[in-house]
Every structure is written in C-alpha cells, then in structure tokens.
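Summary of structural features
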Amino acid sequence: MTSDTRPDEDGAVAPPGRLRPPGDRVALRGDLRSALPDATASVVVTALVFALLWARMESGASDTVAVMPFMDDANTYWMYLLSQAFGWSGLLWAWGTVMLGLLLSGPRPVRLPVSRQVLERWHRTTSLTTMALMFAHALMFAAELVRYETEVDWAERLWVAFADSFVPGWYDSGTGRIAIPIGQGALYLAIPLGLLFYVRHRIGANTWRRLHRFVIVVYVLSVWHTLLYGTNVWYGEWPRTVLWVLQLPVAVLLLVRLLRPARRAERLGPPGRGVARPGWWVRGAGRLAVGAVVVGLVVAVVSGRDGGRDRPTHPPATAPHAQETD
C-alpha cells in the first residue's frame with residue numbers, strides 16, 4: 001500500500017488529502033494553445049526589429065553594411081535581415097524564459113505579481129516560442145543562402161543552404177566557422193531539453209530535473225553566438241554594451257539560485273553532510289565559477305573591454321561566403 005503523501009519541490013511533504021496539481025502531466029497541445037498570444041507578440045516584435053534593421057540599412061547607418069558593404073541593398077538581402085530579426089527576438093525570448101526559470105527555481109519571492117502557476121505557464125510558453133524563433137532564424141539564414149548560391153542548380157543550392165545552416169562544421173567562411181556551430185548547438189540542445197518536460201512522467205522527475213539544468217548552457221551558447229556573429233553588436237559600441245548589461249541579472253539570479261535553491265536536496269551545507277565530498281566540491285566550484293562570471297560581467301561593462309572590434313576606416317568588401325560552383 002502506497003502513502004498518500006509525497007514530497008513537493010522544496011523537499012517538504014504535502015499533507016494527506018491535499019492534491020498536488022499534476023504538473024508532470026501538462027499536455028503539449030494545451031501549452032501550444034496557451035502560447036498563441038506569446039507567439040503573436042514575438043511576431044510583432046520580430047516585425048518591428050525587421051523594420052528597424054531595414055530603415056538603418058536604407059539610411060546607411062546599418063552595422064551589417066559596415067561589416068559587409070556588398071549587402072547595402074535591403075530589397076535584395078531582406079531574408080538576411082529577417083533572419084537577424086528572428087535571431088534578436090529569439091534571444092529576447094530566451095532571456096525572458098531563463099529569467100522566469102531562475103525565478104521559479106530559486107528562493108521564492110514573498111510577493112509575486114501573479115500566481116506561481118501563471119509564472120510556470122509563462123515559462124513553458126516562452127520556451128516553446130523561443131524554440132520556434134531559433135528555428136525561424138536558422139531557416140531564414142538558409143533561405144538567404146539559397147537565393148545567394150546562383151552559380152549552381154536548385155538541388156545543389158538547397159543542399160548547400162541546408163548544410164551551411166544546419167550541419168555543424170560545414171560552414172567554412174570567416175567567423176561563421178566558429179559562430180554558426182555554436183548557434184547550431186544551442187538549437188539542437190534547446191529542442192529536446194524544452195520538450196522533455198512533457199514526457200517527464202515517463203523518464204522520471206529527477207532525471208528531467210537534472211537534464212533541465214543544461215538549459216542555461218543553451219542560453220550561454222545563444223549569447224556567445226550573437227556576440228561572435230551578430231553584426232549589429234560586432235563593434236565595441238553601445239549595442240554590445242547593452243547586450244552585456246542584460247546578462248548581469250541572469251548571472252545574479254543564477255548565483256542566488258545556486259546559493260539558495262528552493263529544494264532542500266540541492267542546498268550545499270557543510271561538506272560530508274548528505275553529499276559525497278567529490279560532489280560537494282563540484283557543486284561548490286560551480287557556485288564560485290558563477291560568482292566569478294558576475295564579477296567578470298561587471299568588469300566588462302564598467303571597463304568597456306567586452307571583446308568588441310574597432311570600426312575599421314576602410315570596411316572589408318569581400319563576401320563572407322564564396323558561392324559554390326560545379
């Protein structure tokens with residue numbers, strides 16, 4: 001005979017007779033319906049970013065054109081601009097869903113503007129929207145490559161565009177040799193990690209929880225990809241600084257979540273008390289590493305040494321990706 005009680009998220013035991021909401025049986029179909037307003041908002045934001053990028057290109061103020069002067073034609077390179085717009089809205093939604101996740105998994109605030117159940121639903125729907133935006137970003141990049149590869153037939157153009165956009169290590173030009181595989185890694189991790197929530201009743205809540213921690217890796221890879229390949233933050237100017245500043249609350253919340261986790265089982269405590277010494281040292285080192293990241297972010301923002309390039313007097317005039325030929 002099984003007990004009617006079972007532990008909740010912070011390790012306490014729910015009293016008999018109080019039913020917990022079946023969070024592990026949330027249906028993907030229901031969350032997809034709930035994500036419609038969120039997805040609509042992301043499309044509006046993407047359209048606004050696209051309009052801004054188009055206007056800057058038309059006015060001659062585009063950093064993309066400063067990096068790649070041959071792209072000084074919004075009517076021709078509109079798919080590339082749309083890929084950029086999806087990328088920026090995807091990064092914004094990723095920032096939001098990570099912030100919600102850290103808020104939910106860390107020490108619980110005394111007051112919240114909405115219920116915890118609403119925050120959890122927002123976390124799930126923004127996660128689904130983020131995955132869609134990331135895929136759209138890669139898909140529009142591939143569409144631009146299809147348009148660009150005019151020297152070969154359609155079958156070859158489709159293959160080259162697919163391989164450059166979705167096969168790690170295939171893109172072989174400039175910074176993209178590093179930045180594009182990093183972005184692909186973020187996409188290929190985001191989809192399974194995001195969807196595993198809907199099968200956690202099959203794989204077990206503890207297994208899902210351990211795997212879900214790697215979502216922060218997806219976010220780090222996404223930001224890294226943007227800093228390396230986002231021509232709008234290529235130079236060491238204010239847009240790049242703003243991107244670095246936005247990472248501060250994420251790092252601080254992550255540090256707070258590690259120092260004061262909501263679940264008792266994740267609290268560090270004295271060495272040797274409930275946790276094997278190797279595991280205790282690994283968890284302690286993780287907390288120190290995140291603390292060092294917070295300090296590093298502050299130093300980068302205050303000093304202005306954030307890895308941005310100097311704007312060249314004579315911009316490069318070569319295409320970033322040579323066309324394929326038979």
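All of the points below concern the structure found in this document. Model, not experiment: these values are computed from the prediction.

Secondary structure assignment for the protein chain yields 12 helices and zero strands. Going from N to C terminus, the protein chain has its helices and strands arranged as α-α-α-α-α-α-α-α-α-α-α-α. For the protein chain, the proportion of its 326 residues judged to be buried stands at 40%. Contacts spanning at least 24 positions in sequence make up 71% of the contacts within the protein chain whose residues lie at least 6 apart. Of the accessible surface of the protein chain, which amounts to about 18,200 Å², a share of 66% is contributed by carbon and sulfur atoms.

So, about the packing of helix α2 (residues 36-59) against helix α5 (residues 116-148). Put simply, α2 and α5 touch, their axes get as near as 9 Å, and they point 40° apart. Between α2 and α5, the angle is such that the two are oblique. Taken as a pair, α2 and α5 cross one another with a handedness that is right-handed. The residues of α5 that touch α2, namely those facing D38, A39, S42 and T46, are T125, T126, T129 and L133. Of the residues assigned to the contact of α2 with α5, the class counts are two nonpolar, five polar and one charged.

Let us look at the nonpolar core. By size, the foremost hydrophobic cluster in this structure holds 32 residues, and its most contacted members are Y80, M134, F141, V218 and Y229. Elements represented by at least two residues in this core include exactly α3 (63-67), α5, α6 (154-166), α7 (176-195) and α10 (215-229). When near neighbours in sequence (up to four residues on either side) are disregarded, M134 contacts A186, L187, A190, V218 and S222. Formed by 18 residues, the second largest nonpolar core is a distinct cluster that contains M99, V223, V233 and L243.

It is worth spelling out the pattern of salt bridges at this point. Tallying each qualifying case throughout the model produces four salt bridges. E144 is the partner of R147 in a salt bridge, and the nearest nitrogen-oxygen pair spans 2.6 Å. Of this pair, R147 and E144 both sit in helix α5, separated by three residues, roughly a single helical turn. Owing to a relative accessible area of 4%, E144 belongs among the buried residues under this scheme. Notably, a salt bridge pairs D306 with R240, separated by 3.8 Å at the nearest N-O pair. Placement of D306 in the segment after α12 (277-303) and of R240 in helix α11 (residues 238-259) is noted, with a sequence separation of 66 residues between them. For the pair shown, D306 and R240 are each scored as buried.

Here the focus is the packing of aromatic side chains. The description of an aromatic ring pair rests on the distance of the ring centres and on the angle between the ring planes. Per the stated rule, a full pass over the model turns up 10 aromatic pairs. Clustering of aromatic rings is evident, with ring pairs tying together F135, W159, F162, F166 and W170. One residue, R157, lies across the ring of W154, its end atom 4.2 Å from the ring centre. Over the ring of W234 we find R309, and its NZ or CZ is 3.7 Å from the ring centre.

Calculation notes
- Residues numbered from 1 in each chain as written.
- Predicted model: local features only at pLDDT ≥ 70, side-chain atom pairs only at ≥ 80, totals over all residues.
- Heavy atoms only, no water.
- Helix = DSSP H or I, 4+ residues; strand = E, 2+ residues; numbered from the N terminus.
- Buried < 20%, exposed > 50% of the residue type's maximum accessible area, 1.4 Å probe, protein only.
- Contact = heavy atoms within 4.5 Å.
- Areas by Shrake-Rupley, 256 points an atom, 1.4 Å probe, with all protein chains shown as cover.
- Axes fitted to C-alpha atoms, helices over the stretch in contact; angles between N-to-C directions.
- Parallel < 35°, antiparallel > 145°, perpendicular 65-115°, else oblique.
- Left-handed = near helix turned anticlockwise from the far one by under 90°.
- Nonpolar A, V, L, I, M, F, W, Y, C, P; charged D, E, K, R; others polar.
- Core = buried A, V, L, I, M, F, W, Y, C linked by side-chain atoms within 4.5 Å.
- Salt bridge = Lys/Arg side-chain N within 4 Å of Asp/Glu carboxyl O.
- Phe/Tyr/Trp six-rings, centres within 6.5 Å; stacked < 30°, edge-to-face > 60°.
- Lys NZ or Arg CZ within 6 Å of the ring centre and 35° of its normal.

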